[in-house]
Amino acid sequence: MKKTVTQLADGRQLIYFDAHGGAARDAVDRRSLDPVVSASEVRHDPLLGESVAIASHRQGRIYHPPADTCPLCPSTEAWHSEIPADAYEVAVFENRFPSLSGAAGRCEVVCFTSDHRASFAELTEERAALVLAAWTDRTAELSARPGVQQVYCFENRGAEIGVTLAHPHGQIYALSYVTPRTATMLRNAVAHRAATGRNLFDDVLARERAGERVVLAGEHWTAFVPYAARWPYEVHLYPNRRTGDLTELDEDARAELPGIYLELLRRFDRIFGTDEPPTPYIAAWHQAPVTGAGREEFALHLELFTVRRASGKLKYLAGTESGMGAFMNDVSPESAADRLREVASS
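Draft legend 1. A look at the sheet that holds strand β7 (residues 150-157). Pairing within the open sheet is antiparallel, and its eleven strands lie in the order β1-β2-β5-β6-β8-β7-β12-β13-β11-β10-β9. Among the strands making up the open sheet, the edge pair consists of β1 (2-7) and β9 (214-217). Recorded for the sheet is a direction-independent mean angle of 20 degrees between the axes of neighbouring strands. Where strand β10 (residues 221-224) meets strand β11 (residues 233-239), four bridges bridge the pair, whose relative direction is antiparallel.

Here it is, written out as structure tokens:
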């Protein structure tokens with residue numbers, strides 16, 4: 001892999017990742033840009049004991065631009081985008097409209113391909129492996145930044161999810177606090193260790209691997225619909241050997257992941273039939289906090305889910321979910337697992 005670090009016209013960092021070393025990444029950003037001004041801050045909710053990021057400057061961010069003015073496509077003579085090169089493989093840059101900045105953290109955009117009309121599921125295994133290398137590189141570098149407590153790699157796909165740019169991309173957040181979901185999992189893992197002497201994530205994976213909700217099993221990874229799934233179609237993907245984050249994966253697990261992950265995404269696109277629009281989803285990589293008590297108990301894993309519950313129907317968060325955080329699922333995890341096995345690649 002070749003990594004090239006450069007800058008955009010306003011001083012933000014841009015990083016190219018190439019599978020091989022031949023590409024020259026010396027194109028200059030020819031735009032005239034004012035420096036990024038953001039007003040991100042993190043506030044604490046004393047009732048829930050949770051942190052909330054306030055980022056009012058994001059109201060002015062780019063919203064569903066036409067394809068010929070997409071800020072994530074390569075630059076042309078007629079259009080200068082966020083990426084000065086006329087082609088690229090994987091590119092990562094600091095978000096111009098970050099939810100987190102300064103002491104609050106950092107937000108980066110990850111462009112999976114220069115092809116505006118592609119999707120992650122359409123990538124080759126080599127390109128998916130390059131994205132994995134970029135996630136790993138950024139996890140390591142961002143984790144070393146002062147004040148960063150957690151690094152979160154994720155992809156939102158589909159207008160139904162709230163995506164404002166159609167180009168295939170994801171994001172990486174370097175947070176100055178541990179997210180509520182992670183904090184809850186850590187507390188439960190520590191309590192489980194105290195009560196049983198075992199690791200909670202190991203026990204969950206062992207139970208699921210022995211059950212009926214396994215969707216896809218490789219030598220080094222297992223994908224399953226969780227016993228208490230919140231979303232109509234939700235899959236968790238675990239390495240069979242527990243690690244805290246992407247940087248700790250061994251070479252065998254790293255080599256198998258692209259094929260496993262691509263197969264999962266392709267199955268998601270087939271759940272509702274080929275006549276449906278592409279399945280909207282969130283793909284969320286849960287990584288251990290950078291430091292802190294109980295970090296060694298956490299397990300890296302992916303949570304992949306869609307807000308579509310049936311053909312032409314979305315799963316809206318109703319009063320119980322939005323108001324009380326009490327999820328109620330319309331699809332049984334067992335039937336969801338059956339469906340995801342049915343749509344396996346031939």
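Draft legend 2. Representation of the packing of helix α2 (residues 180-196) against helix α3 (residues 200-209) within the structure. Interaxial distance between α2 and α3 falls to 8 Å at its minimum, and their mutual angle equals 90 degrees. By the angle between their axes, α2 is roughly perpendicular relative to α3. For the pair α2 and α3, the contacting residues are Met-185, Asn-188, Ala-189 and His-192 in the first and Leu-200, Phe-201 and Asp-203 in the second. Classifying every residue of the contact of α2 with α3 gives four nonpolar, two polar and one charged.

Draft legend 3. Quick look at the pattern of salt bridges. Scanning all chains against the criterion turns up 32 salt bridges. As a salt-bridge pair, Arg-138 and Asp-137 come within 3.3 Å of each other at their nearest N and O atoms. Classification of Asp-137 as buried rests on a relative accessible area of 18%. With its nearest N and O atoms 2.4 Å apart, the salt bridge here joins Arg-341 to Asp-338.

Draft legend 4. Layout of the nonpolar core. In terms of nonpolar packing, the biggest core is built from 53 residues, with Phe-120, Trp-135, Trp-221, Leu-237 and Trp-285 touching the most fellow members. Considering every element that reaches this core, the biggest residue donor is helix α4 (residues 251-270), with eight residues. Apart from the residues lying within four places of it in its own chain, the contact partners of Trp-285 are Trp-135, Tyr-152, Cys-153, Trp-221, Leu-237, Leu-246, Leu-257, Leu-300, His-301 and Leu-302. One finds Cys-70, Ala-85, Val-109 and Cys-111 within the second-largest nonpolar core, a separate group that totals 14 residues.

Draft legend 5. Expanded view of the pairing of β1. Both β1 and strand β2 (residues 13-18) contribute to a ladder of six bridges, which runs antiparallel. For Lys-3, the partnering residue across the bridge sits in β2 and is Phe-17.

Rules used in this analysis
Residues numbered from 1 in each chain as written. Predicted model: local features only at pLDDT ≥ 70, side-chain atom pairs only at ≥ 80, totals over all residues. Heavy atoms only, no water. Pairing = 2+ DSSP bridges. Helix = DSSP H or I, 4+ residues; strand = E, 2+ residues; numbered from the N terminus. Axes fitted to C-alpha atoms, helices over the stretch in contact; angles between N-to-C directions. Parallel < 35°, antiparallel > 145°, perpendicular 65-115°, else oblique. Contact = heavy atoms within 4.5 Å. Nonpolar A, V, L, I, M, F, W, Y, C, P; charged D, E, K, R; others polar. Salt bridge = Lys/Arg side-chain N within 4 Å of Asp/Glu carboxyl O. Buried < 20%, exposed > 50% of the residue type's maximum accessible area, 1.4 Å probe, protein only. Core = buried A, V, L, I, M, F, W, Y, C linked by side-chain atoms within 4.5 Å.

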